[in-house]
Amino acid sequence: MMAENTKEEWVLSQLSEYVRAISALPDCRTVSKKMYCNLVRRVKLLSPLFEELKDGRAEEELGDDVVTGLDSLRIALDSALQLLKSVHEGSKIFQIELLHAQFKRATGRMESPDLQLAMDLAAAQMEDDPDPIVFKRLSEKLHLRTINDIKKESLAIHDMVISCGGVPEGVSEEYFETMSYLLRKLKDCVMMDNPDVDATEVDKSSIKHRSPIIPDDFRCPISLELMKDPVIVSTGQTYERSCIQKWLDAGHKTCPKTQQTLLHTALTPNYVLKSLIALWCESNGVELPKKQGNCRNKRSGISGSDCDRAAIDALLQKLANGNPEQQRAAAGELRLLAKRNADNRVCIAEAGAIPLLVELLSSPDLRTQEHAVTALLNLSINEANKGTIVNAGAIPDIVDVLKNGSTEARENAAATLFSLSVVDENKVAIGAAGAIPPLIDLLCQGTPRGKKDAATAIFNLSIYQGNKVRAVRAGIVPPLMRLLKDPGGGMVDEALAILAILASHQEGKVAIGQAEPIPTLVEVIRTGSPRNRENAAAILWSLCTGSAQYIKIARELGLKRH
């Protein structure tokens, strides 16, 4: 009995301690502020309960099942405390990227970030030359306003990756590349807003004189020098490329660090570690020598870029002549490279990758297909590449992936069609290739992200009159009305925007009218956001023009003419 009482007392004491620790946490100033405050507030409400349980122990002992339940709550509060601490001490960019990804997949009652933040994140990632004001707003929102803030963020990212032994579980390398890109751009933004960088330069100079200690994770296990081109061998160990290549060229078949036999001699670039090293060098004033053999784009005048033409050519050889596994791996690497920066997109296209990637859209391997269509999506961010992709005959094959590919491949196929449809003549070709019915299917049956990708593609394609007709005849209006009547689904904005553009065509107007939309539209005009009210009013105006019946219904619902 004594042991049981001791455990009971300890559990109640720990619960009270966790509540005090959480209550003492500082105010949150990140984009997670609302969720953070809600969690802290709810934990504080538990304090009287725990104190009452402690005071009542002298009168009545708690049952074993109660103590077990309270112990589970103790574990949950410990996790809550660690989570709340990570909001302060962890990477702000990692938080906002997670929030953005969650927002794109959001359903039900999930709390979404403000629309401007979501738009800024999308613009920062999907445009080759985003407006500087985008990064200015992100800098303010993330409270990364000074060089010192940027340094702390860089260290937070470094600590997170090192503590996880690489990219955190469930996070892709692509995702991490985006984080590194955003941090570099935010640093540029801060430097522009603070042109008087004398103090920073002095700090860098003093750092150089102090000869900063290179983290062990950044040193090659063979040379013990800072790695410039880290690569991964089959055992999972990372080495400087030139060092491990010399080891392999000498005839060794084992991993130098673990002495395990290498299953193969392929070297996989460690982009995550390379980005971390680059961030560390920037923060510590260490100049990282550039690799030899950088790609130089003579036609567009780009020189000294980060594009390694030799590596790209090697990947293209695997695409053209490799076995299925090599093709899948090469397509995956090109996908990542094309995501990284504008120079890579130019170099990859000029090396002749696009026709080879288009061929892989017909691969029986779904993962290869997914890599290929996503690589094309990333390449299409470059305006010149859009034409090259279309001229390679990609549109029918992308539509086929949209119909038959994996979930992610279908979503990225929809996003690729949207990207290509920015060029007006492509709208006609995409519609004629039969893209609209499978886009409608994705809009109805896809994941939250897939629905948004499908909606943006349909909206853009429907700017062309012929595609309005195709969409209406393919039955798009009923599913749009279902989305419009389900605010929890997160698709009201997109549904209204598409309906508004369809309502400008007679067939669209008739189909919308048959769906009895007036009550829903009137409700949106009363309670919706300014943009949604505008679209709802445009649809209603189109329906009521020349129709006394619709005008009567609208008036009966309380809508007055102004």
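Everything numeric here is computed off the predicted structure, so don't read it as measured data. (Residues numbered from 1 in each chain as written. Predicted model: local features only at pLDDT ≥ 70, side-chain atom pairs only at ≥ 80, totals over all residues. Heavy atoms only, no water.)

**Observations regarding the overall build of the protein chain**
Then comes step 1: In terms of helices and strands, the protein chain carries 30 helices and three strands.
Then comes step 2: Within the protein chain, the fraction of its 562 residues that count as buried is 48%.
Then comes step 3: In the protein chain, the proportion of contacts linking residues at least 24 apart, taken out of those at least 6 apart, comes to 68%.
Then comes step 4: With the model as given, the accessible surface of the protein chain reaches about 28,400 Å², and the carbon-plus-sulfur share is 53%. (Helix = DSSP H or I, 4+ residues; strand = E, 2+ residues; numbered from the N terminus. Buried < 20%, exposed > 50% of the residue type's maximum accessible area, 1.4 Å probe, protein only. Contact = heavy atoms within 4.5 Å. Areas by Shrake-Rupley, 256 points an atom, 1.4 Å probe, with all protein chains shown as cover.)

**A word on helix α28 (residues 518–527)**
Then comes step 1: Listed as buried for α28 are Ile 518, Thr 520, Leu 521, Val 522, Val 524 and Ile 525.
Then comes step 2: Looking at the buried side of α28, the elements it contacts are α25 (477–484), α26 (492–502), α29 (530–544) and α30 (548–556).

**With respect to the packing of helix α14 (residues 324–340) against helix α15 (residues 342–350)**
Then comes step 1: At their nearest, the axes of α14 and α15 sit 5 Å apart, and the two run at 135° to each other. Here α14 lies oblique to α15, going by the angle between them. Seen from α14, the contacting residues are Leu 334, Leu 337, Ala 338, Lys 339 and Arg 340; seen from α15, they are Asn 344, Arg 345 and Ile 348.
Then comes step 2: Class assignment of the residues belonging to the contact of α14 with α15 gives a composition of four nonpolar, one polar and three charged. (Axes fitted to C-alpha atoms, helices over the stretch in contact; angles between N-to-C directions. Parallel < 35°, antiparallel > 145°, perpendicular 65-115°, else oblique. Nonpolar A, V, L, I, M, F, W, Y, C, P; charged D, E, K, R; others polar.)

**Brief notes about the nonpolar core**
Then comes step 1: Judged by nonpolar contacts, the single largest core of 83 residues is most densely connected at Leu 357, Leu 439, Leu 443, Ile 476, Leu 484, Leu 502 and Ile 539.
Then comes step 2: Tallying contributions element by element places α26 first for this core, with eight residues.
Then comes step 3: When near neighbours in sequence (up to four residues on either side) are disregarded, Leu 484 contacts Val 492, Ala 495, Leu 496, Leu 499, Thr 520, Leu 521 and Val 524.
Then comes step 4: Core analysis: the next-biggest nonpolar cluster, separate from the first, contains 35 residues, Leu 144, Leu 182, Val 190 and Leu 226 among them. (Core = buried A, V, L, I, M, F, W, Y, C linked by side-chain atoms within 4.5 Å.)

**Things to note about the sheet that holds strand β3 (residues 268–269)**
Then comes step 1: The three strands lie next to each other as β2-β1-β3, forming an open sheet whose pairing is antiparallel. One side of each edge strand has no neighbouring strand; the edge strands of this open sheet are β2 (238–240) and β3.
Then comes step 2: As paired elements, strand β1 (residues 230–232) and β2 share three bridges and run antiparallel to each other. Across the sheet, the residue bridging to Pro 230 is Glu 240, located in β2.
Then comes step 3: The sheet strands contacting helix α11 (residues 241–249) are β1, β2 and β3, and the helix crosses β2 at an angle near 95°. (Pairing = 2+ DSSP bridges.)

**Considering the pattern of salt bridges**
Any two side chains of opposite charge can pair, so long as their charged atoms come close to each other.
Then comes step 1: Taken as a whole and assessed by the stated rule, the structure comprises 14 salt bridges.
Then comes step 2: Residue Arg 335 pairs with Glu 408 through a salt bridge whose shortest N-O separation is 2.7 Å. Of the two residues, Arg 335 sits in helix α14 while Glu 408 sits in helix α20 (residues 407–420), which places them 73 residues apart along the sequence.
Then comes step 3: Its relative accessible area of 7% is what places Arg 335 among the buried residues.
Then comes step 4: Two residues, Arg 449 and Asp 453, come together in a salt bridge whose shortest N-O distance is 3.6 Å. (Salt bridge = Lys/Arg side-chain N within 4 Å of Asp/Glu carboxyl O.)

**Comments concerning the packing of helix α19 (residues 394–404) against α20**
Then comes step 1: Put simply, α19 and α20 touch, their axes get as near as 7 Å, and they point 145° apart. When the axes of α19 and α20 are compared, the crossing they make is left-handed. In contact with Ile 395, Ile 398, Val 399, Val 401, Leu 402 and Lys 403 of α19, α20 contributes Ala 409, Arg 410, Ala 413, Ala 414, Thr 416, Leu 417 and Leu 420.
Then comes step 2: Of the residues assigned to the contact of α19 with α20, the class counts are ten nonpolar, one polar and two charged. (Left-handed = near helix turned anticlockwise from the far one by under 90°.)

**A few points about unusual backbone geometry**
Generally, phi is negative for residues other than glycine and the peptide bonds are trans, each holding for most cases.
Then comes step 1: Positive phi, close to 65°, is recorded for Gln 259, a residue that is not glycine.
Then comes step 2: With respect to the helices and strands, the residue Gln 259 is situated in the loop between α11 and β3.
Then comes step 3: Assessed through its relative accessible area of 52%, Gln 259 is described here as exposed.
Then comes step 4: Even without being glycine, Glu 516 reaches a positive phi, approximately 50°.

**Topic: the environment of Ile 232**
Then comes step 1: Structurally, Ile 232 can be placed in strand β1.
Then comes step 2: In contact with Ile 232, other than residues within four places in its own chain, are Gln 237, Thr 238, Ala 266, Leu 267, Thr 268 and Asn 270.

**Examining the environment of Leu 84**
Then comes step 1: Structurally, Leu 84 is set in helix α4 (residues 64–89).
Then comes step 2: Note: C-alpha distance between Leu 84 and Met 35 (49 residues apart in sequence) is 9.9 Å.
Then comes step 3: Residues in contact with Leu 84, not counting those within four places in the same chain, are Ile 22, Leu 25, Tyr 36, Leu 39 and Val 40.

**Quick look at the side chain of Glu 370**
Then comes step 1: Position of Glu 370 relative to the elements: it lies in helix α17 (residues 366–379).
Then comes step 2: A distance of 2.4 Å separates the side chain of Glu 370 from the side chain of Arg 367, its partner in a polar contact.
Then comes step 3: Setting aside residues up to four positions removed in sequence, Glu 370 forms contacts with Arg 335, Ser 406, Glu 408 and Ala 409. (Polar contact = N/O pair within 3.5 Å; in protein donor to acceptor, adjacent residues only side chain to side chain.)

**A short note on α15**
Then comes step 1: Those residues of α15 that fall on the buried side of the exposure criterion are Asn 344, Arg 345, Val 346, Cys 347, Ile 348 and Ala 349.
Then comes step 2: Positioned one or two residues after α15, Gly 352 has a phi angle of 95°, which is positive.

**Section: the confidence of the model for the protein chain**
Then comes step 1: Chain-level statistics for the protein chain give a pLDDT mean of 79 and a share of 78% at 70 or above.
Then comes step 2: Averaged pLDDT values for the elements of the protein chain fall to 42 in helix α10 (residues 198–210) and rise to 96 in α19. (pLDDT = per-residue confidence, 0-100.)

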